[in-house]
Amino acid sequence: MTVADGRGHGVGMTALSPLDRPNSYIGRSVPRPNLTRLLQGRGQYVSDLVLPRMVHVAFVRSPYAHARIQRIDRQAACAMPGVVAVVTGPELAAVCSPWVGVLSHMKGLKSAPQHAIAVDVACWQGEAVAAVVASTRAEAEDAAEHVVVDYEELEPVTDMRTALDAATPVIHASLGDNLAFERRLDAGAVDDAFARADAVAETEFVFGRHTGVTLEPRSVVADWRPGDDRLTVYQGTQAPHMIQNIVALHLGLAEQQVRVVCKDVGGSFGIKVHVYPDEMATAALSKMLRRPVKYVADRLESFVTDIHARDHRVKGRVAVRNDGVITAFEIDDLTGIGPYSMYPRTSAIEANQVLNLVGGPYTTPNYRARTRVVFQNKTPMSQYRGVGHPIACSITEGLVDLAARTIGMDPVEIRRRNLVPDDAYPCASPTGMRFESLSHHAALDKLLTMMDYDALRADQATSRASGIHRGIGFASFVEVTNPSAAFYGIGGAGISSQDGVALRLDAAGTITCQTSVTEQGQGAEAVTAQVVATALGVKLADVRVMSGDTDVTPYGGGTWASRAAGIGGEAAWQAGKQLRRNILDVAASILQTQAEAMDIRESRIVDADTLTERLTLAELARIAYFRPDTLPPGFQAELMAVRHYVPRTYPFAFTNGIQSSYLEVDPDTGMARLLGHWVVEDCGTILNPQLVDEQIRGGVVQGLGAALFEHCRYDERGQMLNASMADYLVPMAAEMPDIAVGHIVSPTADSELGAKGAGEAGTAGAAAAVANAVNDALAPFGVTISEIPLTPDVILRALGRI
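Residues numbered from 1 in each chain as written. Predicted model: local features only at pLDDT ≥ 70, side-chain atom pairs only at ≥ 80, totals over all residues. Heavy atoms only, no water.

S.K.: How do you make sense of the packing of aromatic side chains when you look at a structure like this?
M.R.: Aromatic rings considered in pairs are described by the distance between their centres and by the relative angle of their planes. Inspection of every chain in the model, using the stated rule, returns 12 aromatic pairs. Note on Tyr64 and Tyr151: the rings are 5.4 Å apart at their centroids and 70 degrees apart in plane angle, and the pair reads as edge-to-face. Of this pair, Tyr64 sits in the loop between β1 (55-61) and β2 (67-73) while Tyr151 is found in strand β6 (residues 148-153), placing the two residues 87 residues apart along the sequence. Look at Tyr64 and you get partly exposed, because its relative accessible area is 29%. Accessibility expressed as a relative area gives 18% for Tyr151, which makes it buried. Ring geometry for Phe435 versus Phe654: centroids 4.7 Å apart, planes at 90 degrees, classification edge-to-face. (Phe/Tyr/Trp six-rings, centres within 6.5 Å; stacked < 30°, edge-to-face > 60°. Helix = DSSP H or I, 4+ residues; strand = E, 2+ residues; numbered from the N terminus. Buried < 20%, exposed > 50% of the residue type's maximum accessible area, 1.4 Å probe, protein only.)

S.K.: Can you help me understand the sheet that holds strand β28 (residues 655-665) in this one?
M.R.: Within a sheet, neighbouring strands are paired by backbone hydrogen bonds and run either parallel or antiparallel to one another. With mixed pairing, the four strands of this open sheet are ordered in space as β20-β28-β29-β30. The open sheet is flanked by β20 (469-479) and β30 (739-743), the only strands paired with a single partner. Strand after strand, the sheet turns through a mean of 15 degrees between neighbouring axes, direction not considered. Sheet topology places strand β29 (residues 672-682) next to β30; five bridges connect them, and they run parallel. (Pairing = 2+ DSSP bridges. Axes fitted to C-alpha atoms, helices over the stretch in contact; angles between N-to-C directions.)

S.K.: Mind showing me how you'd approach the environment of Leu790 here?
M.R.: Relative to the assigned elements, Leu790 resides in the loop between β31 (787-788) and α19 (792-798). Spatially, the C-alpha atom of Leu790 lies 34 Å from that of Ala524, the residues being 266 residues apart in sequence.

S.K.: Hey, could you run me through the nonpolar core in this one?
M.R.: A general trend in soluble globular proteins is that nonpolar side chains are found buried together. Counting residues in hydrophobic clusters, the biggest one holds 160 residues, and the most contacted among them are Ile395 and Leu790. When residues of this core are assigned to their parent elements, the largest contribution, eight residues, is made by helix α10 (residues 389-407). Among the nonpolar cores identified, the runner-up in size contains 48 residues, and Val527, Ala533, Leu615 and Ala637 belong to it. (Core = buried A, V, L, I, M, F, W, Y, C linked by side-chain atoms within 4.5 Å.)

S.K.: I'm lost on the pattern of salt bridges in this one. Help?
M.R.: It is possible for side chains bearing opposite charge to pair when their charged atoms get close. In the structure shown here, the tally under the stated rule is 52 salt bridges. Close ionic contact of Asp177 with Lys110 constitutes a salt bridge, the shortest N to O distance being 2.9 Å. Here Asp177, found in the loop between β6 and β7 (179-187), pairs with Lys110, found in the loop between α3 (89-93) and β4 (121-122); they are 67 residues apart in sequence, far enough to count as distant. The class of Lys110 is partly exposed, set by a relative accessible area of 21%. Ionic pairing is found between Asp499 and Arg563, a salt bridge with its closest N-O pair at 2.3 Å. Linking Asp499 in strand β21 (residues 499-505) with Arg563 in the loop between β23 (543-547) and α15 (564-591), this pair joins segments that are 64 residues apart in sequence. Given a relative accessible area of 0%, Arg563 falls into the buried group. A single network of salt bridges, built from pairs that share partners, joins Arg61, Arg137, Glu141, Arg218, Asp278, Glu279, Asp298, Glu301 and Asp306. (Salt bridge = Lys/Arg side-chain N within 4 Å of Asp/Glu carboxyl O.)

S.K.: Explanation requested: the sheet that holds strand β26 (residues 613-616) in the structure shown.
M.R.: Spatially, three strands are ordered β24-β25-β26 in an open sheet, and the strand pairing comes out antiparallel. If you trace the sheet from one side to the other, it starts and ends with β24 (598-601) and β26, each paired once. This sheet shows a mean twist of 30 degrees between the axes of neighbouring strands, independent of strand direction. As judged from the three bridges shared by strand β25 (residues 604-607) and β26, these two strands associate in the antiparallel manner. Bridge pairing in β26 links Val606 to Glu613. Strand contacts of α15: β24, β25 and β26, with the helix running at about 120 degrees to β24, the strand carrying the most contacts. (Contact = heavy atoms within 4.5 Å.)

S.K.: How should unusual backbone geometry be read in this particular structure?
M.R.: Trans is the common state for peptide bonds, and a negative phi is the common state for residues other than glycine. Cis geometry marks the peptide bond from Tyr343 to Pro344, where omega comes out at 0 degrees. With respect to the helices and strands, Pro344 occurs in the loop between β16 (326-336) and α9 (349-357). Of note, the amide linkage connecting Tyr425 to Pro426 takes the cis form, showing an omega dihedral of 0 degrees. Within the element layout of this structure, Pro426 appears in the loop between α11 (411-416) and β18 (427-428).

S.K.: Explain the side chain of Asn352 to me, please; I cannot follow it from the model alone.
M.R.: Relative to the helices and strands, Asn352 is located in helix α9. Look at Asn352 and you get buried, because its relative accessible area is 15%. Within the local environment of Asn352, its side chain forms a polar contact with the side chain of Arg183, the two groups lying 2.8 Å apart. Non-local contacts of Asn352, meaning those with residues more than four positions away in its chain, are made with Met106, Phe181 and Arg183. (Polar contact = N/O pair within 3.5 Å; in protein donor to acceptor, adjacent residues only side chain to side chain.)

S.K.: Mind showing me how you'd approach the packing of helix α14 (residues 524-536) against α15 here?
M.R.: The relative placement of two packed helices is expressed as an angle between their axes plus a distance between the axes. One way to put it is that α14 packs onto α15 with a least axis distance of 8 Å and a crossing angle of 30 degrees. One element, α14, and the other, α15, form an angle in the roughly parallel class. For the element pair α14 and α15, the recorded crossing hand is right-handed. In this structure, α14 contributes Val527, Thr528, Val531, Val532, Thr534, Ala535 and Leu536 to the contact, and α15 contributes Ala565, Gly569, Ala572, Trp573, Gly576, Lys577, Leu579, Arg580 and Ile583. Broken down by class, the residue content of the contact of α14 with α15 amounts to 10 nonpolar, four polar and two charged. (Parallel < 35°, antiparallel > 145°, perpendicular 65-115°, else oblique. Left-handed = near helix turned anticlockwise from the far one by under 90°. Nonpolar A, V, L, I, M, F, W, Y, C, P; charged D, E, K, R; others polar.)

S.K.: I would appreciate a short explanation of the packing of helix α17 (residues 689-708) against helix α18 (residues 761-777) in the present structure.
M.R.: Closest axis-to-axis distance for the α17/α18 pair is 7 Å, and the angle between their directions is 40 degrees. Classified by the angle their axes make, α17 and α18 are oblique. Where α17 crosses over α18, the handedness of that crossing is right-handed. Counting all contacts with α17, which are made through Ile696, Gly699, Val700, Gln702, Gly703, Leu704, Ala707 and Leu708, the residues of α18 involved are Gly762, Thr763, Ala766, Ala767 and Val770.

S.K.: What is the right way to look at α15 in this model?
M.R.: Structural remark: α-helix, 3.6 residues per turn; residues separated by three or four positions point the same way. Relative to the 40 Å expected for 28 residues at 1.5 Å per residue, α15 spans 38 Å between its end C-alpha atoms, a close match to the ideal helical length. Counting buried residues in α15 gives 23 out of 28 residues, a clear majority hidden from the surface. Positive phi appears at Gln592, one or two residues downstream of α15, with a value of about 55 degrees. (Expected span 1.5 Å × (residues − 1).)

S.K.: Even after reading the chapter, I still don't get the state of the cysteines, so can you show me in this structure?
M.R.: Linking two cysteines covalently via their sulfur atoms produces the bond known as a disulfide. In total, this model carries zero disulfides according to the counting rule given. With no disulfide of its own, Cys393 has Cys683 as its nearest cysteine by sulfur position, at a separation of 17 Å. You can call Cys393 buried: its relative accessible area is 5%. You can see Cys427 has no disulfide; the closest cysteine sulfur is in Cys393, sitting 17 Å from it. Taking relative accessible area as the criterion, Cys427 reaches 23% and is therefore assigned partly exposed. (Disulfide = S-S within 2.5 Å.)

S.K.: Just checking my understanding: could you explain the pairing of β28 for this structure?
M.R.: Looking along a regular strand, one sees side chains alternate from face to face of the sheet. By the criterion of burial, β28 is predominantly enclosed, with 11 of the 11 residues buried. Here β28 shows no split at all, with Thr655, Gly657, Gln659, Ser661, Leu663 and Val665 on one side and Asn656, Ile658, Ser660, Tyr662 and Glu664 on the other all buried. As paired strands, β20 and β28 are joined by 11 bridges and run antiparallel to one another. Across the sheet, the residue bridging to Ile472 is Tyr662, located in β28. When β28 meets β29, the two strands line up antiparallel, connected through 10 bridges. Across the sheet, residue Glu664 finds its bridge partner in β29, namely Arg673. Counting the residues between successive antiparallel strands, the hairpin from β28 to β29 contains six residues, one of them, Gly670, with a positive phi of roughly 80 degrees.

Following this line, the structure appears as structure tokens:
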């Protein structure tokens, strides 16, 4: 492989790139290896796990958003059938120490210590104030109803807009105020750009708080084994080694005393990458009671305990010349994160990402931004799929469309005049984000062809003449993937930025692969197997992938921030190349020839020139493991290889893309009906086209949910009003349009595979495209809406109909 081939910079044992390897599986849509098992209903989820002497925990949760715990009477609950223990916050604090969700590189970020169970004050509706442990979940829940808690209700802080007012109560007196984090940025000559602009457009964006609604709720079984002096935690998590580190730290254990096992996971979307108090409490209870303890959240609990996201109010303005050149962006972002910053990734990352990414696709050099993150008495907010990208994209693309309407320019044309040219890389944004190689213009051109833009505009005009209001919306975006230590490690968090893969040629000639990347339903096992099979030259069916066990997998970060393929995949590629060299060395020793004269094809050792079979891998393994006495003196077969990978040249591998939505709005009912959605995305080398497209479509659906349906609604007392599937709307198949996906390929040179991430691209731009399409549809009415979700009441209010 050479730099000139555009697929990377490393030189392998041959001069072939990953895509050019004979019988390469890379770039092919091969089935997931776990597909049959999952389709047969044979998945292994935490809720399926039953251990000897296992008990269940149910939590007594605060009905108030803010209340002092005055007394807990557990006498009646302790007398209930099957009850093993009723544990309060102070008792559990003796076993599990509190944590503080801050990162040292985010200057000024603060948060109060948080306990696994509230000790003195409950700070949101749903915070646990006691734990009831019983023989069955039903018995634990019944007994929890008999725990009597006397509360002194305190005034809640619910409106982020008044959280910093002098008259507003301070949630944590030790912090002095309700400001968790503030950051300002001023790049270029913003004031001059606005003063010289031919037009200035401004608006206030409002984003509705929502949550992940994973198919499988959060779940954990903690098993303290006194005989081994060791704790095994079975958990549906995205980052097993992170959980191992944190559980050990706060339970006073050495890290090697904690094993974390993650088997099948029913969706995560960032929800399962955090440390939750009830999960830590479960681990502490197991250590306290010296037996296995199980906790599986029900759906009602999930709505008030799973992290929420995207609750922002942003004032934005844009400066533009009459020729369509955008000269400045300015934003002022305010977000409420709940009463604590989540641990260990914090709740300020989303706002920080918003500030970093606004204006990212465009050449505009002048940018001013402020973000303020405030505490409030609502469910904690933190990273969820896309982490700031949908907010930043909606702000940017909303302002770009607003600028286009202000000067009377087509939204496509204004983007052409301002997107960073495809030949301008590498370059950096005004916020200092470094872009290696992106393809905004190529993506825009491909999108217009896919959707047949001119035909859609003609259809729109014809429809309007008939009183039907249709609109087209666009959204260009950049996406952070393959994060290095610049994300968390630099801030002192025990979150690995590298991933590792261990490969072993087994005695039967097959390959066992152990990877630190976790399978969350995204197809990581399939991609890893494809990369390993290609690097080695073996059959795909001969590769078995194991993940999610800190006792056996290499140390690594796991699955988050669209990193599994780009980082974990590269580790698999490097391990595969090394094991291939080792195997050929053994083959050369057996056959008394040179390793360079041979190759591996379809799990066979062949002559590199004639492809004549010389030896099967099964026979080679038999000799190496069972008859090493037949090998030359002094030669030792090494049929295992371990490699780790972390990006070094760039702190992030940015991807890019563009989306478009075509929809119809009924001005009488306020209903928006999706007619079509298109995405062009550039994630570098595509390892498995089908999986990439599935990830993008799934992300789009979540983005459409944010745009039109999903909203965690609260009243002024901090009570969530729609905490059930009967009231919280999620997108269903009937509402979804066809989603067409296309690709541009700009590989990263930071790895040999050249793969970037793709897991969050769909979410990044979908809401912005829909919002712009709704405003385009409503253009004849002279209204602009800058609020999501775009529910019928929002649209009708904007139209003055209600």
